[in-house]
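What follows is the residue order along each chain.
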Amino acid sequence: MITLVSGDIDSGKTRYLKDLYKKDQKGDGIISIKYYEADRFIGYDLVHLTSGKQKAFIRLKTDLSDDWKEAYVLGRFSFSKQGLAFGQKILSEITSGPVYIDEIGPVELWYKKGFYEILEKLIKKDLELFLSLRPSLIDDIHDEFGLSGKTKIIKLK
């Protein structure tokens, strides 16, 4: 079963996945948490659900550290090579579900980057998946991976 947790910015998608994982204590995955410096939002970090380990993943292009190694840019955001590798390693080592991925976005669905290849493999393995995404991408994920009629959708407001 693939469950799509859908909602706009700040609707609680990340919290929903984290709480679900904590409640069931099964499976593994990653969540994206907002990262702030001096009370100012500058990006997102990835957090491994099982270990709690955290890695810088996305930063505003205007707030990159000197040692930042960029994988790619989308809009106003830069994606970290190290953060991407961290998330990919975690997801590629999961052998049983449920698998939690927060969040699937344009990077995966429009550009086939980020966690696209791993997501494709996880879908083919027929593992239980919990994926967060924006409402505007629900049709895209169904079309891209042939998921019509194969998902449960939870809409957060």
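Residues numbered from 1 in each chain as written. Predicted model: local features only at pLDDT ≥ 70, side-chain atom pairs only at ≥ 80, totals over all residues. Heavy atoms only, no water.

S.K.: Is there a simple way to think about the packing of aromatic side chains in this case?
M.R.: Each aromatic ring pair is characterised by the separation of its centres together with the angle its planes make. Scanning all chains against the criterion turns up 10 aromatic pairs. Ring centres 6.5 Å apart and planes at 80° place the aromatic pair Phe41 and Phe77 in the edge-to-face group. Of the two residues, Phe41 sits in strand β3 (residues 40-48) while Phe77 sits in strand β6 (residues 77-80), which places them 36 residues apart along the sequence. Taken as a pair, Phe41 and Phe77 share a single burial class, namely buried. (Phe/Tyr/Trp six-rings, centres within 6.5 Å; stacked < 30°, edge-to-face > 60°. Helix = DSSP H or I, 4+ residues; strand = E, 2+ residues; numbered from the N terminus. Buried < 20%, exposed > 50% of the residue type's maximum accessible area, 1.4 Å probe, protein only.)

S.K.: For this particular structure, what's the right way to read the sheet that holds strand β4 (residues 54-60)?
M.R.: Adjacent strands of a sheet form backbone hydrogen bonds with each other and so pair up, either parallel or antiparallel. Strand order across the open sheet formed by 9 strands is β5-β6-β4-β3-β2-β7-β8-β1-β9, with mixed pairing between neighbours. Every interior strand has two partners, whereas the edge strands, β5 (70-74) and β9 (151-155), have only one. With direction set aside, neighbouring strand axes in the sheet form an average angle of 25°. Strand direction decides the pairing type here: β4 and β6, joined by 3 bridges, are antiparallel. Within β6, the residue paired with Ile58 across the bridge is Phe79. (Pairing = 2+ DSSP bridges. Axes fitted to C-alpha atoms, helices over the stretch in contact; angles between N-to-C directions.)

S.K.: Can you walk me through the nonpolar core in this structure?
M.R.: Ile101, Leu119, Leu129, Leu131 and Ile141 are the most contacted members of the largest nonpolar core, which has 36 residues in total. The element that contributes the greatest number of residues to this core is helix α4 (residues 116-124), accounting for 5 residues. Those residues within four positions of Ile101 in sequence are excluded, and the remaining contacts are Leu17, Ile30, Leu91, Leu119, Leu122, Phe130, Leu131 and Ser132. Of all hydrophobic cores here, the second largest spans 11 residues; its members include Leu17, Ile31, Val47 and Phe130. (Core = buried A, V, L, I, M, F, W, Y, C linked by side-chain atoms within 4.5 Å. Contact = heavy atoms within 4.5 Å.)

S.K.: Can you help me understand the packing of α4 against helix α5 (residues 138-145) in this one?
M.R.: Axes are the key here: two packed helices are described by the angle between their axes and the distance separating the axes. Contact geometry for α4 and α5: axes closest at 11 Å, N-to-C directions at 65°. Taken as axis vectors, α4 and α5 run roughly perpendicular relative to one another. Every pair of crossing elements has a handedness; the one defined by α4 and α5 is right-handed. Facing α4, whose interface residues are Tyr116, Leu119, Glu120 and Ile123, α5 presents Ile141, Glu144 and Phe145. Residue composition of the contact of α4 with α5, by class: 5 nonpolar, no polar and 2 charged. (Parallel < 35°, antiparallel > 145°, perpendicular 65-115°, else oblique. Left-handed = near helix turned anticlockwise from the far one by under 90°. Nonpolar A, V, L, I, M, F, W, Y, C, P; charged D, E, K, R; others polar.)

S.K.: What's the story with helix α1 (residues 13-24) in this structure? I'm lost.
M.R.: The first and last C-alpha atoms of α1 sit 17 Å apart over 12 residues, in line with the 16 Å expected at 1.5 Å per residue. All of the buried residues in α1 are Lys13, Leu17, Leu20 and Tyr21. One side of α1 carries all its buried residues, which in axial view fall inside an arc of 95°. Summarising the geometry of α1, the exposed residues directed more than 90 degrees from the buried face are Arg15, Lys22 and Lys23. Immediately beyond the C-terminal end of α1, within one or two residues, lies Gln25, with a positive phi of roughly 50°. (Expected span 1.5 Å × (residues − 1). Arc of directions from axis to C-beta.)

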